[in-house]
Amino acid sequence: MLPPARRVPVRTCVACRTAGGKRGLLRIVRLPEGAGVAVDPTGKQSGRGAYVCPTSACIELALKRKALERSLKITLPEGFAETLRSTIPPESAI
Ligand SMILES: [Zn+2]
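Keep in mind that this is a model prediction, so the values were computed, not measured.

Take the coordination of the zinc ion next. Coordination of the zinc ion by the protein comes from Cys13 (SG), Cys16 (SG), Cys53 (SG) and Cys58 (SG), over a distance range of 2.2 to 2.3 Å. Mapping the donors of the zinc ion onto the primary sequence yields the spacing C-x2-C-x36-C-x4-C. Taken as a pair, Cys13 in the segment before strand E1 (26–30) and Cys58 in helix H1 (residues 56–65) lie far apart in primary sequence, 45 residues in all. Pair check on accessibility: Cys13 and Cys58 agree, each one buried.

Right under this line is the structure:
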């Protein structure tokens, strides 16, 4: 079922530094030409990406540490934190 493993880039959560994969990390992508950032559930959006575990703990930590901003070299737009929070499933589902 799984595609052959070849040259999979190492994806590391910007908050807890855990290399993800199994459960999947949430990809945040910096859109080209200063168009801001977006959550990229498909992982197919082109642009510089950063990854964070889809848990509120890691998202909050990433926001608090400005880890995504550092990683993507951007300032997160107003309201993006809320967007990010809204993309993760409720804690009870994890
Ligand atoms: Zn994490």
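This next bit is on a positive patch on the surface. Where like charges cluster on the molecular surface, the positive patch consists of Arg17, Lys64, Arg65 and Arg70. Secondary-structure assignment places Arg65 in helix H1.

To continue, consider the nonpolar core. Leu26, Ile28, Val52, Leu68 and Leu84 are the most contacted members of the largest nonpolar core, which has 23 residues in total. When residues in this core are grouped by element, the largest group, four residues, is from H1. Every residue in contact with Leu26, bar those within four places of it in the chain, is listed here: Val39, Ala50, Tyr51, Val52, Pro54, Ile59, Leu84, Thr87 and Ile88.

Our focus in this paragraph is the sheet that holds strand E3 (residues 48–52). The strand order across the open sheet formed by three strands is E2-E1-E3, and the pairing between neighbours is antiparallel. Each of the sheet's edge strands pairs with one partner strand only, and the pair in question is strand E2 (37–39) and E3. Taking the axes of each pair of neighbouring strands and ignoring which way they run, one obtains an average angle of 25 degrees across the sheet. The sheet contact formed by E1 and E3 spans five bridges and is antiparallel. Bridged to Arg27 within E3 is Tyr51. Strands in contact with helix H3 (residues 80–87) are E1 and E2; relative to E2, the strand with the most contacts, it is inclined by about 15 degrees.

Reading the values: the criteria
Residues numbered from 1 in each chain as written. Predicted model: local features only at pLDDT ≥ 70, side-chain atom pairs only at ≥ 80, totals over all residues. Heavy atoms only, no water. Donors = N, O, S within 2.8 Å, 3.2 Å for Na, K, Ca; no water. Helix = DSSP H or I, 4+ residues; strand = E, 2+ residues; numbered from the N terminus. Buried < 20%, exposed > 50% of the residue type's maximum accessible area, 1.4 Å probe, protein only. Patch = residues over 30% accessible without salt bridge, like charges linked within 9 Å, V, L, I, M, F, W, Y side chains within 5 Å. Areas by Shrake-Rupley, 256 points an atom, 1.4 Å probe, with all protein chains shown as cover. Salt bridge = Lys/Arg side-chain N within 4 Å of Asp/Glu carboxyl O. Lys, Arg positive; Asp, Glu negative; His and termini not counted. Charge placed at Lys NZ, Arg CZ, Asp CG, Glu CD. Core = buried A, V, L, I, M, F, W, Y, C linked by side-chain atoms within 4.5 Å. Contact = heavy atoms within 4.5 Å. Pairing = 2+ DSSP bridges. Axes fitted to C-alpha atoms, helices over the stretch in contact; angles between N-to-C directions.

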